[in-house]
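As a plain string of letters, each chain reads:
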Amino acid sequence: MPRSRLTLVAVTVIATALAGLAVLTSAPTAQAAPSLPDDFIVQDIDTGLLGARGPHDLGDGFTDFAFLPDESVIAIGKFGKVMWLPAAGAQPDTPRQIAMVPTNGNGDLGLLGLAIAHDYAASRAIYTVRSVHATGPGTGVNGLFKLSRWTVTLNGAGEPTGLAGEQTLFQTSADIALHGMSTVQVADDGSLFVSLGDSARADGTDPDLAPRAGDVNVPYGKMLRLRPDGTGVPTNPYFDPAKPRAARSLVYASGFRSPFRFTLDPASRLPILGDVGYNTTEEVNFVRPGNDYGWPCWEGNATTPGYRELDVCKGRSTVAPLWSYPRTAGNAVTGGVVYTGDSYPERYRNKYFFGDYSRSRIWTMGFDSTGALITPPEQDGFGSAIGAPVKFTTMPSGGDVVYADIAAGKIRRIVYAPGNHPPKPVIKSTVDSASRTVVFDASGSSDPNGDPITYQWDFGDGTTGSGETVKHVYAAGPESYPVRLTATDTLLASGTATTTVHPSNAPPKLTVTQPDPDHLYSVGETIRAHADATDPEDGALPVTWSANLIHCRGVNDCHTHPGPQPSGPDFALVFDGHAGDTYLEVTAYATDSKGALTSKAFRVKPKQRRITVNTDTPAGFVIGDEQADSALFTVGMTLTVVAPELAQDGLATFDKWSDNAPRVRTFVVPDNDITFTVGYLTPIARRYASDAGARAAVGALTKPEQGDAAVRWQEHANGRLYWSPATGVKYVIGGINAAYVNAGAHTTYGVPETDELSTGDGRGQYNLFSDNRSIYWTWPTGAHLVQHAIKDAWNRVGGHKSILGYPTTDEMITPQNTGRYNHFEGGSVYWHLPAGAFEVHGAIRDRWAAMGWELSPLGYPTTDETAPPDGAGRYNDFQRGSVYWHPTAGAHEVMGAIHGKWSELGRSGSVLGYPTTDESGTPDRIGRFNHFQGGSVYWSPASQAHEVHGAIRDLWAHMGWETSWLGYPTGDEAGVSGGRQSNFQGGFIRYDFATGRATAYRY
């Protein structure tokens, strides 16, 4: 059965509702009733099973029911009672017991599930799932879980009278008194779907038993599918034809904790299952063959604290539930049924009705045949205050939804019936036999429409009374009187209830010898008590007992774990442990022949000791079923303490327990408080502790670790250790660390991506940093920052191995803040947008520097130093020109229009060759020129830039260059008939091939 935090309400009499008139004799009072949508009411069907007798008592523990072909009903109780209910309208209509099945009803166990064979009309077969006491090979501490087939015996009228011929189809060990075999459903082909929980501890992490839910080779935590002979269905996902009865062959789906109730979807014929949660989530699952629903590694859509840290859970995934909701103040989902009738309003047709028996609530939701949610459940539910539903099905005729209410011991039918309905009166009475005084109480009555109710009593001795609670003294006379209660609503609809009272019947006298109330029990100790019951009228009476474990997580947050219900004067129970605020309530009962009940209860308290986890790193520890650093647990119980792999800061990871125990440790609680000390290490601390080389490099710790989830650091004598999620732990030391800190460290220069490394040439050291940054160090140059595009350009030409060598400056800003640069041992790298970053070195760099670097007419470099095609020299292009170098000519810049003309001709590959002068001004201060190895380029505003070379240039030079009467060239040298010619402002010079002479002519 699901774990409950249910406060059970005793229901003693179910009324028969009659319409009629009544006289209002007292002021009406509002009465509580199930809260349902307008025009829905709940009708109760008596099962003959005893409802709750107190806040921590289940009575017979009504668990399941099923309709026979004639629409009569078989109903079962947790402790083994089997009842038969005649079909509606049959006479007599009184339920009667037909069997008492041997059952272990301890904890969540018992007779929990019932199904009618598909061929019942011929076979009279039914199926049950239950727990039984057993010892020997193959059994567990709580005996066995059994799937059985029975034959229903009949009387001459064809009415069920008993169960015979039990045939065990499947059984397995019952290890823990929780999460057992709970539901059986018959498919259309006669095969059986069976749910079996994990049979694991619920008082904390159970690393031994709970993980079985994910192992398809064992049956626990599974949906099973069997044929009627107990073999697996051949279409099961893991079926082995050679071993048809092996657990693997039976498994249909896996990964369930407490799959307490399910039904088969009428559209897909797949199971729709409610899986009771652990600490956070209740689930409704659309179950497909072969799917893994995640327990214990997953609860709903989240991993499970205490289990997710286990090795078995690493890498395990889950199938998301069809629907889930949070556990608050104790929830216990009850899988429901799809409504396929036509009497409910359209919006409820083909909807799935499911409940939570701890919250006394029902919801509806819609999904399609693929398991896709269409209509989510109502926020506040379809109905509330509806009792404690533990099974849903539908009526064979009409299809109305019906459910088992374990608190009331009734079947409750949800009926859509517009209009007014009479109240449901309930009588409770208390007798004082000495004075023949009876107190009658109708406070348990309700009105389906929520109307105020008035009450009229007929005491059976010729007198009447009115009111919700009345006291009546019976005169000496008969021993019994029939009492009738009429409850009337404001529209004068009325219902009646009857009972018989025995005014002079004294209740049984119960004498209980209980254990020392001050004794605290450890696990394994036997609780012993004795009770004798006598009655003035009946003499000695039998005694029955109940034992229920009450576990409270807070004020008004208690739940009950039902225990055994033995009979006889002597009570003996081996005490079991539980966590937190718990006690065992043991109650003795005696009932006389008139139905008078006397009970006496005593509490048994556990001997508890505090288990504490000591750490300086908060880590979400799980101790038993408590996610806490400290909690109380019963001496002698087996307890698991889980230290999560990852601390709550998301950084530190488990290092070790002080006693070197495993991270997930299991032990027996001793008779003393105990503290376990556990250590966690951040990534920085872990590397420092484990890496001797890093420890020697950074030296002794000087300041505590600091930072956040994005970056952390720790200062040491020789430098710093840094961590980030992307880089891990790296160290920065010495001069590089000093330069790094001076640059603003991680806040401005990023985090180190490497330890300090050697450049490999015996000269330098370096660190790389995030966002394409670095710091390089040598003894003569010191440590300098090289980053981004300049770093890329430096590496492009060979980095520290290139002619540039090591940096001699950090990246610097140019004087006009238009670019960036680093100087290196053998040159410089300059960067500017949109030019980019390029290196300049040697004579070319010297010439550029002499001109004023980037402030010169050349501007920023646009190429690295490059060899021209002839391979004889070197050059750099700049934004507005170039600097060319030749071994004999040296380095000279060429700019502007002269550079354009020279480039047009082919630069150094042209007839002009390399420049032999920088660009210079002409003596007349009008023009500009460069001389080249093979000629010159002259420019003036009027003439623009043109080359002059060879014999023509020689004559022009002899005449005085541009100061001659020829002036500036106005065209490049060109071919003419019989020679070559260059035009000038004042004339032209022609070279004659025949004479080999150049001659100047005026225009």
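All residue numbers refer to position in the chain's written sequence, counted from 1. Where local features are concerned, this predicted model is filtered to residues with pLDDT of at least 70; where side-chain atom pairs are given and counted, the filter is 80 or more; whole-chain, interface and lining totals use all residues. Here the side-chain values reflect all heavy atoms present in the structure, with hydrogen atoms and water set aside.

As named in an unreviewed UniProt entry, the protein chain is LGFP repeat-containing protein, taken from Herbihabitans rhizosphaerae.

Caption draft 1: The overall build of the protein chain, seen in detail. What counts as a helix is a DSSP run of H or I of at least four residues, what counts as a strand is a run of E of at least two, and both are numbered from the N terminus. When helices and strands are counted, the protein chain shows 10 helices and 74 strands. As defined in this context, the radius of gyration uses C-alpha atoms, and a globule is described by 2.2 Å times the residue total to the power 0.38. Compactness check: the protein chain gives a C-alpha radius of gyration of 48 Å against a globular reference of 30 Å for 1003 residues, more than 25% above the reference. For the exposure calls, accessible area comes from a 1.4 Å probe over protein chains only, and a residue counts as buried if that area is under 20% of its type's maximum, exposed if over 50%, partly exposed in between. Expressed as a percentage of the 1003 residues in the protein chain, the buried residues total 56%. Only the protein chains shown count as covering a residue, and every accessible area follows the Shrake-Rupley method with a 1.4 Å probe. Carbon and sulfur atoms provide 52% of the accessible area of the protein chain, an area that totals close to 40,000 Å². Averaging the locations of the 79 positively and 103 negatively charged side chains of the protein chain gives two centres separated by 3 Å. We count Lys and Arg on the positive side and Asp and Glu on the negative side, and we leave His and both chain ends out. Just so you know, the charge point we use is NZ for Lys, CZ for Arg, CG for Asp and CD for Glu.

Caption draft 2: Spatial organisation of the nonpolar core. Only buried residues count toward a nonpolar core. Its members are Ala, Val, Leu, Ile, Met, Phe, Trp, Tyr and Cys residues joined through side-chain atoms within 4.5 Å. Residues F65, M223, V284, Y352 and F354 are the most contacted members of the largest nonpolar core, which totals 45 residues. Ranked by size, the runner-up nonpolar core spans 24 residues in total, among them A117, L147, L169 and V251.

Caption draft 3: Up close: the state of the cysteines. In what follows, a disulfide is any cysteine sulfur pair within 2.5 Å. Scanning all chains against the criterion turns up one disulfide. Covalent S-S linkage joins C297 and C313, the inter-sulfur distance amounting to 2.0 Å. The sign of the S-S torsion, about -80°, decides the handedness of the disulfide formed by C297 and C313: left-handed. You can see C297 sitting in the loop between β17 (281-286) and β18 (298-299) and its partner C313 sitting in the loop between β19 (302-303) and β20 (323-326), a full 16 residues away along the chain. Neither residue differs from the other here; C297 and C313 are each classed as buried.

Caption draft 4: Main features of empty space enclosed by the protein. Site definitions follow a grid-based scheme: protein atoms alone, a 1 Å grid, a 1.4 Å probe that fits but cannot get out for cavities, and for pockets an open set with protein on both sides within 12 Å along at least five of seven lines, plus lining residues having an atom within 4 Å of a point. Grid points are joined across faces, edges and corners, and a volume is the space filled by probe spheres set on the points. Counting across every chain of the model gives four cavities of 30 Å³ or more. A volume near 60 Å³ is recorded for the second largest cavity. The wall of the second largest cavity is formed by R257, D275, V276, G277, Y278, T281, E283, W295, W298 and E299. Those elements giving two or more residues to the lining of the second largest cavity turn out to be β17 and β18.

Caption draft 5: Expanded view of helix α10 (residues 950-959). Listing the buried residues of α10 in full gives I952, R953, L955 and W956. Down the axis, α10 shows its buried residues gathered within 165° of arc, on one side only. Buried positions along α10 lie against β68 (928-932), β69 (935-940), β70 (944-949), β72 (979-983), β73 (987-992) and β74 (997-1002). Positive backbone phi, at 115°, marks G960, one or two positions downstream of α10. Note: the arc covers the axis-to-C-beta directions of the helix. Contacts between residues were defined by any pair of non-hydrogen atoms, one from each residue, lying within 4.5 Å.

Caption draft 6: The domain arrangement of the protein chain, seen in detail. Taken domain by domain, the protein chain consists of domain 1 (40-416), domain 2 (428-501), domain 3 (509-606), domain 4 (608-681) and domain 5 (897-1002). Start and end positions for the domains come from either an automated domain assignment or a database one. For domain 1 versus domain 5, the distance between C-alpha centres works out to 107 Å.

Caption draft 7: The arrangement of the packing of aromatic side chains in detail. Side-chain rings of Phe, Tyr and Trp (the six-membered ring for Trp) are treated as a pair once their centres are within 6.5 Å; stacked means planes under 30 degrees apart, edge-to-face means over 60, and tilted covers the remaining angles. All told, the structure shown has 59 aromatic pairs when counted by the stated rule. Summarising the aromatic geometry, the rings of Y339 and F353 are spaced 6.3 Å apart at their centres and angled 70° between planes, so their arrangement reads as edge-to-face. On the criterion of sequence distance, the pair formed by Y339 in the loop between β21 (333-338) and β22 (352-356) and F353 in strand β22 is long-range, its members being 14 residues apart. Across the pair, exposure class does not vary: Y339 and F353 are buried alike. Relative to F382, the ring of F353 lies with its centre 5.2 Å away and its plane at 75°, an arrangement referred to as edge-to-face.

Caption draft 8: Representation of the sheet that holds strand β29 (residues 428-432) in the model. By this definition, two strands are paired if DSSP reports at least two bridges between them. The strand order across the open sheet built from three strands is β29-β30-β33, with neighbouring strands paired in antiparallel fashion. The open sheet has two edge strands with one neighbour each: β29 and β33 (469-473). Each neighbouring strand pair of the sheet contributes to a mean axis angle of 15°, computed without reference to strand direction. Of the pairings in the sheet, the one linking β29 to strand β30 (residues 437-441) comprises five bridges and is antiparallel in character. Note that in β30 the partner of S429 across the bridge is F440. Axes here refer to lines fitted to C-alpha atoms; in helices the fit is confined to the stretch in contact. Angles between the N-to-C directions go from 0 to 180 degrees.

Caption draft 9: Expanded view of the pattern of salt bridges. Every case where a carboxyl oxygen of Asp or Glu lies within 4 Å of a side-chain nitrogen of Lys or Arg is listed as a salt bridge. Enumeration over the complete set of coordinates arrives at 42 salt bridges. D189 is the salt-bridge partner of R225, the closest N and O atoms lying 3.3 Å from each other. A residue pair is termed long-range when its members are at least 10 positions apart, and R225 in strand β13 (residues 222-226) and D189 in the loop between β11 (181-186) and β12 (192-196) qualify at 36 residues. When its relative accessible area of 14% is taken as the criterion, R225 is described as buried. Looking at D189, the relative accessible area reads 52%, which means it is exposed. Residues R980 and E973 are paired through a salt bridge, measuring 2.9 Å at the closest nitrogen-oxygen approach. According to the relative accessible area criterion, E973 is buried, its value standing at 15%. What emerges from the salt-bridge pattern is a single network uniting D44, D405 and R412.

Caption draft 10: Here's a closer look at the environment of G381. Looking at where G381 falls in the secondary structure, it is placed in the loop between β24 (373-375) and β25 (383-384). Sequence spacing of G381 and P37 is 344 residues, and the spatial spacing of their C-alpha atoms is 9.8 Å.

Caption draft 11: Looking closely at the confidence of the model for the protein chain. The predictor rates its confidence in each residue with pLDDT, a number between 0 and 100. This prediction gives the protein chain a mean pLDDT of 93; 96% of its residues lie at or above 70. Within the model, pLDDT remains below 50 along residues 1-31, and this stretch shows 113 contacts once partners closer than five positions in the same chain are excluded.

Caption draft 12: Examining the sheet that holds β13 more closely. The antiparallel open sheet is built from four strands, whose spatial order is β11-β12-β13-β14. Either end of the sheet is taken by a strand with one partner, and the two such strands are β11 and β14 (251-254). For this sheet the average axis-to-axis angle between neighbouring strands, irrespective of direction, equals 20°.

Caption draft 13: Structural view of unusual backbone geometry. Here the amide bond leading from W295 into P296 is cis, since omega sits at 5°, within 30 degrees of zero. Here P296 shows up in the loop between β17 and β18. Of the consecutive residues L833 and P834, the connecting peptide bond is found in the cis state with omega at 5°. Within the element layout of this structure, P834 appears in the loop between β62 (827-832) and β63 (836-841). Positioned with a positive phi, H788 is a non-glycine residue whose angle comes to about 55°. Within the element layout of this structure, H788 appears in helix α7 (residues 788-796). Of note, the phi angle at R925 is positive, near 60°, even though the residue is not glycine. Inspection of the secondary structure puts R925 in the loop between β67 (920-921) and β68. Using a relative accessible area of 80% as the deciding quantity, one classes R925 as exposed.

Caption draft 14: Fine view of the side chain of R412. Inspection of the secondary structure puts R412 in strand β28 (residues 410-416). In this structure the side chain of R412 is engaged in a polar contact, spanning 3.3 Å, whose partner is the side chain of D405. Aside from chain neighbours lying at most four places away, what touches R412 is P34, V42, Q43, D44, I386, G387, V401, V402, Y403 and D405. Polar contacts, as used here, are pairs of N or O atoms within 3.5 Å; protein pairs need one atom able to donate a hydrogen and one able to accept it. Residues neighboring in sequence count only if both atoms are side-chain atoms.

Caption draft 15: Local environment of helix α9 (residues 896-905). Buried within α9 we find I898, H899, K901 and W902. Angular distribution of buried residues about the axis of α9 spans 165°; they occupy a single face of the element. In this fold, the buried residues of α9 make contact with β64 (874-878), β65 (881-886), β66 (890-895), β68, β69 and β70. Phi for G906, located one or two positions after α9, is positive at around 120°.

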